[in-house]
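Summary of structural features
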Amino acid sequence: MQIPFMDLEMQNKPLMLDIEKAMKEVIARSDFISGDAIQYLEEEFASYCGVKYAVGCSSGTSALHLALLGCGIQAGDEVITTPLTFIATTEAISQIGAKPVFVDIDPETYMINPSKIEAAITKKTRAIIPVHLYGQCADMDPILSIAKQFNLKVIEDAAQAHGALYNGKKAGSLSDVGCFSFYPGKNLGAFGDAGMVVTNDEKMAAYMRALGNHGRTAKYEHFIEGYNYRLDTLQAAILRIKLRELDKWNALRRQAASIYNDQLSAVDITLPVEPKYAQHVYHLYVIRSSERDRLKTYLHEHGVSVGVHYPIPLHLQPACSYLGYSRGDFPIAEQVANEVLSLPMYPGIKEAEIEYVASILSKFCGDTN
Ligand SMILES: *Cc1c(COP(=O)(O)O)cnc(C)c1O
């Protein structure tokens with residue numbers, strides 16, 4: 001059996017007639033830049049997230065950059081975040097000349113540990129970026145109360161968590177501003193790069209919209225030097241069609257996760273934990289094993305494609321060496337990075353396929369014990 005890590009064609013194929021029609025309409029109108037579909041998608045996605053405003057942009061990375069600028073973060077400021085994330089989270093911080101400050105993660109959810117945030121706050125701290133890793137929300141209540149106490153902004157990196165819930169509220173709607181990526185492999189993916197910021201703050205939304213469109217007030221009138229971070233009309237038209245399927249797809253991911261949980265309950269590996277406050281949308285189904293590298297090879301040899309998110313925590317990345325961290329600074333993140341393994345997960349993965357993956361895992365653990 002060959003089991004892919006993800007299967008985008010399975011998602012897209014049943015929608016192709018609608019998607020082609022929507023693309024043809026954009027082409028017929030030639031409104032490739034700032035076309036109607038963008039505003040419709042923004043309204044639909046804002047409503048989906050339960051917020052007032054959404055601003056489309058070119059990627060999750062540009063969403064994070066716009067959100068930091070929207071929160072007034074400047075050169076020299078410090079922004080607290082997790083070392084176990086994709087590098088885009090901190091790229092956006094350093095792009096401004098601000099400094100990423102890491103806090104170790106929770107050993108069960110692998111997300112920023114709220115009880116360690118306060119010790120990292122200095123006079124220069126201006127914001128916290130919790131990352132809703134793998135498809136579930138970070139523990140937001142304690143983060144928001146620390147932020148309130150120290151007058152910090154909170155920016156959610158919700159790039160992996162479209163539709164995830166925290167105490168019944170949608171990821172992205174829990175803080176000052178939420179950032180989404182529509183990278184093709186995300187739970188809601190475009191046919192290329194795309195992203196969005198969501199907020200209830202009207203002024204911030206208008207400022208981020210202007211910044212992402214060359215700081216424009218009118219066609220050739222610019223109040224500030226901005227960026228070309230616009231969302232393409234074609235991507236917006238495609239995303240509108242896919243957004244209608246998101247809840248169904250997330251439900252299928254949850255169903256697949258629950259089959260994995262059942263099948264793997266007796267196997268000697270650590271399964272994902274879903275705290276009471278969370279409804280996980282399983283962008284990734286991540287297990288842990290102290291034999292991760294051997295297990296990974298074994299699965300590959302048996303036709304199962306897997307991933308590692310992420311093998312090197314950011315504080316140990318060569319790109320972040322200028323921050324001056326060293327091995328041992330965030331022991332939980334370091335251990336988890338050595339042990340995590342992402343199993344095949346996508347809407348439509350078959351029960352028999354999950355059973356096969358589970359049987360290989362169980363065989364590996366049986367063979368080594
Ligand atoms: C994908 C991702 C991003 C970046 O999104 P792009 O659209 O690829 O720029 C940022 N943060 C996290 C946690 C991500 O998974």
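Summarised in this report is the structure supplied together with it. (Residues numbered from 1 in each chain as written. Predicted model: local features only at pLDDT ≥ 70, side-chain atom pairs only at ≥ 80, totals over all residues. Heavy atoms only, no water.)

Section: the site of the ligand
As a reminder, the rule being used: Throughout this document, a residue counts as near a molecule or strand when at least one of its heavy atoms sits within 4 Å of that molecule or strand. Between N or O atoms, a polar contact is any pair within 3.5 Å; within protein, one atom must be a potential hydrogen donor and the other a potential acceptor, and residues adjacent in sequence are included only when both atoms are from side chains. Helix and strand assignments follow DSSP, with helices taken as H or I runs no shorter than four residues and strands as E runs no shorter than two, numbered in order from the N terminus.
Taken together, 16 residues sit near the ligand, with Gly-60, Thr-61, Asp-157, Ser-181 and Lys-186 positioned nearest. Between the ligand and the protein, one listed contact pairs an oxygen atom with a backbone N or O atom of Gly-60 at 2.7 Å. A distance of 2.6 Å separates an oxygen atom of the ligand from a polar side-chain atom of Ser-181. For the shell around the ligand, the secondary-structure elements that each account for two or more residues are helix H4 (60-70) and helix H5 (88-95). With three residues, the top contributor of residues to the shell around the ligand is H4.

Observations regarding the sheet that holds strand S7 (residues 169-170)
Note on sheets: strands pair through backbone hydrogen bonds, and any given pair is parallel or antiparallel. Condition: Here, strands pair whenever DSSP counts at least two bridges between them.
If you trace the three strands from one edge of the open sheet to the other, you get S7-S6-S12, paired in antiparallel fashion. Looking at strand neighbours, the two that pair on one side only are S7 and strand S12 (278-279), the edges of this open sheet.

Focus: the environment of Tyr-277
The test is simple: It only takes one pair of heavy atoms within 4.5 Å for two residues to be counted as in contact.
For Tyr-277, the location among the structural elements is in the loop between helix H9 (246-264) and S12. Between the C-alpha atom of Tyr-277 and that of Gln-136, which follows or precedes it by 141 residues, the distance is 9.7 Å. If we ignore the near neighbours within four places in the chain, the residues touching Tyr-277 are Thr-109, Cys-137, Ala-138, Asp-139, Leu-165, Tyr-166 and Asn-167.

Overview of the sheet that holds strand S4 (residues 125-129)
Short version of the rule: The axes are straight lines fitted to the C-alpha atoms, using for helices just the contacting stretch, and the angles between their N-to-C directions are given from 0 to 180°.
Read across the sheet, seven strands follow the order S1-S9-S8-S5-S4-S2-S3 without closing on themselves; strand pairing throughout is mixed. Among the strands making up the open sheet, the edge pair consists of strand S1 (53-57) and strand S3 (99-102). Strand-to-strand, the axes of this sheet are offset by a mean angle of 25°, without reference to chain direction. Packed on one face of the sheet, H5 meets strand S2 (78-81), S3, S4 and strand S5 (153-157) and runs near 140° to S3.

So, unusual backbone geometry
Which entries qualify depends on this criterion: The rule is simple: take the accessible area with a 1.4 Å probe, protein chains only, and divide by the maximum for that residue type; under 20% is buried, over 50% is exposed, in between is partly exposed.
Cis geometry marks the peptide bond from His-309 to Tyr-310; its omega dihedral reads 10°. The topology assignment puts Tyr-310 in the loop between helix H10 (292-301) and helix H11 (331-339). For Asn-167, which is not glycine, the phi dihedral falls at a positive 45°. Checked against the element boundaries, Asn-167 lands in the loop between strand S6 (165-166) and S7. In the Ramachandran plot, Tyr-282 falls in the positive-phi region, its phi being about 45° despite a non-glycine side chain. When its relative accessible area of 3% is taken as the criterion, Tyr-282 is described as buried.

Let's talk about the packing of H4 against H5
Here is the rule: Any angle that is under 35 degrees is reported as roughly parallel, and any over 145 degrees as roughly antiparallel; angles of 65 to 115 degrees are reported as roughly perpendicular and all others as oblique. Less than a right angle of anticlockwise turn of the near helix away from the far helix marks a crossing as left-handed, whereas a clockwise turn marks it as right-handed. Under the scheme applied, nonpolar residues are Ala, Val, Leu, Ile, Met, Phe, Trp, Tyr, Cys and Pro; charged residues are Asp, Glu, Lys and Arg; polar residues are all the others, including Gly.
Following both chains from N to C, one finds H4 and H5 inclined at 40°, their axes separated by 9 Å at the closest point. When the axes of H4 and H5 are compared, the pair comes out oblique. The element H4 and its partner H5 pack so that their crossing is right-handed. Residue-level inspection shows Thr-61, Leu-64, His-65 and Leu-68 of H4 in contact with H5, the latter providing Ala-88, Thr-89, Glu-91, Ala-92, Ile-93 and Gln-95. Across the contact of H4 with H5, the residue classes tally to five nonpolar, four polar and one charged.

What to know about the environment of Phe-5
Along the chain, Phe-5 turns up in the segment before helix H1 (8-12). In this structure Phe-5 comes out as buried when scored by relative accessible area, which is 17%. Spatially, the C-alpha atom of Phe-5 lies 12 Å from that of Gly-348, the residues being 343 residues apart in sequence. The residues contacting Phe-5, other than those within four sequence positions of it, are Leu-284, Ser-305, Val-306, Gly-307, His-309, Ser-342, Leu-343, Pro-344, Met-345 and Tyr-346.

Regarding the nonpolar core
Which entries qualify depends on this criterion: Only buried residues count toward a nonpolar core, which is a set of Ala, Val, Leu, Ile, Met, Phe, Trp, Tyr and Cys residues joined through side-chain atoms within 4.5 Å.
Membership of the largest hydrophobic core comes to 104 residues, with the highest contact counts inside it found for Phe-45, Leu-264, Tyr-285, Ile-287 and Leu-343. Dropping the residues within four chain positions of it, Tyr-285 is found in contact with Ala-257, Tyr-260, Asn-261, Leu-264, Leu-271, Pro-272, Leu-341, Ser-342, Leu-343 and Met-345. Counting residues in hydrophobic clusters, the runner-up holds 27 residues, among them Leu-68, Ile-96, Val-177 and Cys-179.

As for the side chain of Asn-250
Along the chain, Asn-250 falls in helix H9. A polar contact is formed between the side chain of Asn-250 and the side chain of Asn-187, at a distance of 2.9 Å. Leaving out residues up to four positions away in the same chain, Asn-250 has contacts with Tyr-48, His-162, Gly-163, Asn-187 and Val-281.

Regarding helix H6 (residues 140-150)
The criterion, for reference: The directions considered for the arc run from the helix axis to the C-beta atoms.
By the burial criterion, the buried members of H6 are Met-140, Ile-143, Ile-146 and Ala-147. Seen from one end, H6 has its buried residues packed into an arc of 130°, which puts them on one side. Projecting away from the buried face of H6 at angles above 90 degrees are the exposed residues Lys-148 and Gln-149. Residues of H6 that are buried in the fold lie against S4, S5 and S6.

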